[in-house]
Amino acid sequence: MVGYDPEAKCVSSVEAAAAGSASGLVTRVLVSPLDVIKIRFQLQIEQLSSRNPGAKYHGILQAVQRIFQEEGLVAFWKGHVPAQFLSVGYGAVQFMAFESLTKLVHITTSYNARDSFVHFVCGGLAACTATVAVQPVDTLRTRFAAQGEPKIYRSLRHAVVTMYRTEGPRTFYRGLTPTIIAIFPYAGLQFSFYNVLQQFSEWVIPAEGRKGGNVKNLVCGSCAGIISKTLTYPFDLFKKRLQVGGFEHARAAFGQVRIYRGLLDCIRQIMREEGPGGFFKGLSPSLLKAAVSTGLVFFWYELFCSLLCALKNTDSTMRKD
């Protein structure tokens, strides 16, 4: 169902956008706590270890306990409103662009729309399009998830006005360069590995045993998310570090802060002060989040597309009758 299928011809670009936005909305609610923990880990300068007395967070369980004790249960959904705008907008643009691009490739070239290489290229381009569209919301989400107590931003409107007045409009696109660099291979690998794993499962599982299609979509999506996230993770960390630039005063309660003059300076400082391991801070919750979120995104997307197709077929049958 993911990508243009000349044999099915069931989901239009608009319906793909609707299914993608609904998928993003449901998934965001479920994975928000993991996202908050991942961002806290990525922004911590100190080593993620209990042997480091200056480190606020040491591991996933310790971070969960500390955030809950200091900030309450709602802290795991900090920045949830801008995050929902991000997920809904990103899901709509990404899947609509992906369906349109795979259809365009199939019609105008000799490549098959179901080819894994086509899914890699179209998935990367679709994600880049969606990223540019929602980058300001992503920056807001990161700021909300990163701030401690007392809060710097009281509401989404207050955050937008404050950031615009104090830092200018360009601040909403902080971290866009590493995001674009990382998102193309990340999303491309997601779509291509999902396609490969789906084809592999059809080859391995006999026809009579293919009843659990939804479970298969969830498993294939989770595996694709883990592989793609591991290969592109450092760029996600660079993006988060750059997005909180100019926001250092709100990070004082979390430990040391750094000021980066750009992507290359960020890479140099992390390598010099934190070593190669610094590029993979927060990888464990990130992989957990990638497995859950990617699996759920593809699961819900396929499910919503199936529901839309069923509704269309039912409507068509009723009209014929």
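All values derive from a computational prediction rather than experimental measurement.

> Please clarify how the overall build of the protein should be interpreted in this entry.
Summing up its helical and strand segments, the protein has nine helices and zero strands in all. In terms of C-alpha radius of gyration, the protein reaches 21 Å, essentially the compact-globule figure of 20 Å for 321 residues. The dimensions of the protein, computed from C-alpha atoms along their principal axes, are 70 × 40 × 40 Å. Looking at the protein as a whole, 49% of its 321 residues are labelled buried. Put simply, 79% of the contacts in the protein that link residues at least 6 apart link residues at least 24 apart. Carbon and sulfur atoms make up 65% of the accessible area of the protein, which amounts to about 15,400 Å² in all.

> Just to check I follow, could you spell out the pattern of salt bridges for this structure?
Side-chain pairs of opposite charge can arise whenever the charged atoms involved come near each other. Considering all chains together, one arrives at 17 salt bridges under this definition. One salt bridge in this structure joins Asp 35 and Arg 28, with 2.9 Å as the shortest N-O distance. You can call Arg 28 buried: its relative accessible area is 9%. Notably, a salt bridge pairs Asp 265 with Arg 261, separated by 3.4 Å at the nearest N-O pair. Overall, the relative accessible area of 8% leaves Asp 265 in the buried class. For Arg 261, a relative accessible area of 73% corresponds to the exposed category. One continuous salt-bridge network, built from bridges that share partners, spans Arg 28, Asp 35, Lys 38, Asp 138, Lys 229, Asp 236, Lys 239, Lys 240 and Lys 289.

> What should I look at first to understand helix H2 (residues 60–71) in this one?
In an α-helix there are 3.6 residues to a turn, and that puts residues three or four apart on one side. Taking 1.5 Å of rise per residue, 12 residues should cover 16 Å, and H2 covers 16 Å from first to last C-alpha, within 8% of that figure. Here H2 has its buried residues at Ala 63, Ile 67 and Glu 71. Down the axis of H2, the sector holding all buried residues measures 30°, keeping them to one side. Facing away from the buried side of H2, by more than 90 degrees, are the exposed residues Leu 61, Gln 65 and Gln 69. Where H2 is buried, its residues touch helix H1 (13–43).

> For this particular structure, what's the right way to read the packing of helix H3 (residues 80–108) against helix H4 (residues 116–146)?
How two helices pack is summed up by the angle between their axes together with the distance between the axes. The N-to-C vectors of H3 and H4 enclose an angle of 165°; their axes lie 8 Å apart at closest approach. Overall, the two elements H3 and H4 adopt an arrangement that is roughly antiparallel. Once H3 is placed against H4, the crossing between them reads as right-handed. Here the contact of H3 with H4 is composed, by residue class, of 20 nonpolar, seven polar and two charged.

> For this particular structure, what's the right way to read a nonpolar patch on the surface?
Residues Leu 25, Val 29, Leu 30, Phe 68, Leu 73 and Trp 77 make up a contiguous nonpolar surface patch of about 560 Å² in total accessible area. For the nonpolar patch, the leading source of residues is H1, giving three residues. The exposure class assigned to Phe 68 is partly exposed, which follows from its relative accessible area of 46%.

> Explanation requested: the packing of H1 against H3 in the structure shown.
Relative orientation of the contacting elements H1 and H3 amounts to 145°, with a least axis distance of 7 Å. Between H1 and H3 lies a crossing of right-handed hand. Within the contact between the two elements, H1 uses Ser 13, Ala 16, Ala 17, Gly 20, Ser 21, Gly 24, Leu 25, Arg 28, Val 29 and Ser 32 and H3 uses His 80, Ala 83, Gln 84, Leu 86, Ser 87, Val 88, Gly 91, Ala 92, Phe 95, Met 96, Glu 99 and Ser 100.

> Teacher, can you tell me more about the domain arrangement of the protein here?
Often, the extent of an interface is quoted as the loss of accessible area upon association of its parts. Parsing the protein into structural domains produces domain 1 (10–77 + 282–315), domain 2 (80–173) and domain 3 (176–280). A straight line from the C-alpha centre of domain 1 to that of domain 3 covers 12 Å. With 24 residues of domain 1 in contact, the opposing surface of domain 3 contributes 31 residues. Both sides of the domain 1 and domain 3 interface together cover about 2,400 Å² of buried area, and 63% of this is carbon and sulfur. Asp 236 serves as the salt-bridge partner of Lys 38, at 3.1 Å between the closest nitrogen and oxygen. Linking domain 1 with domain 3 are nine residue pairs in polar contact (both at pLDDT 80 or more), by the criterion used here. Taken together, the elements giving at least two residues each to the side of domain 1 that touches domain 3 come down to H1 and helix H9 (283–320). Here the element with the most residues in the side of domain 1 that touches domain 3 is H9; it accounts for 12 residues. Taken together, the residues of the side of domain 1 that touches domain 3 sort by class into 12 nonpolar, six polar and six charged.

About the thresholds
- Each residue is numbered by its place in its chain's sequence as written, counting from 1.
- The predicted origin of the model limits local features to residues at a pLDDT of at least 70 and limits the giving and counting of side-chain atom pairs to 80 or more, whereas totals for whole chains, interfaces and linings rest on all residues.
- As a rule here, side-chain values cover all heavy atoms of the structure and leave hydrogens and water aside.
- In this description a helix means any DSSP run of H or I spanning at least four residues, a strand means any run of E spanning at least two, and both kinds are numbered starting from the N terminus.
- Radius of gyration: over C-alpha atoms. The globule rule applied is 2.2 Å multiplied by the number of residues raised to the 0.38 power.
- Think of it in three bands: with a 1.4 Å probe and only protein chains considered, a residue is buried below 20% of the maximum accessible area for its type, exposed above 50%, and partly exposed in between.
- Contacts are assigned to residue pairs that have any heavy atoms within 4.5 Å of one another.
- Shrake-Rupley sampling with a 1.4 Å probe provides the accessible areas, and residues are treated as covered by the protein chains on show and by no other component.
- Here, a salt bridge means any side-chain nitrogen of Lys or Arg that lies within 4 Å of a carboxyl oxygen of Asp or Glu.
- The span one expects for a helix is its residue count, reduced by one, times 1.5 Å.
- Think of the arc as the fan of directions from the helix axis to the C-beta atoms.
- With axes taken as lines fitted to C-alpha atoms, and helix axes fitted only over the stretch in contact, angles between N-to-C directions fall between 0 and 180 degrees.
- Should an angle fall under 35 degrees it is taken as roughly parallel, and over 145 as roughly antiparallel, whereas 65 to 115 is taken as roughly perpendicular and any remaining angle as oblique.
- Should the near helix be turned counterclockwise from the far one by less than a right angle, the crossing is left-handed, whereas a clockwise turn marks it as right-handed.
- Three residue categories are used. Nonpolar comprises Ala, Val, Leu, Ile, Met, Phe, Trp, Tyr, Cys and Pro, charged comprises Asp, Glu, Lys and Arg, and polar comprises the others, including Gly.
- By definition, no residue in a patch forms a salt bridge, and every one has over 30% relative accessible area; like charges are joined within 9 Å, nonpolar side chains (Val, Leu, Ile, Met, Phe, Trp, Tyr) within 5 Å.
- Domain start and stop points were drawn from an automatic or database domain assignment.
- Buried area: the accessible area, evaluated with a 1.4 Å probe, that two parts lose upon being put together, summed over both parts.
- Whenever a nitrogen or oxygen atom comes within 3.5 Å of another N or O atom, the pair is scored as a polar contact, on the condition that within protein one atom can donate a hydrogen and the other can accept it, and that pairs from neighbouring residues in sequence are kept only if both atoms are in side chains.

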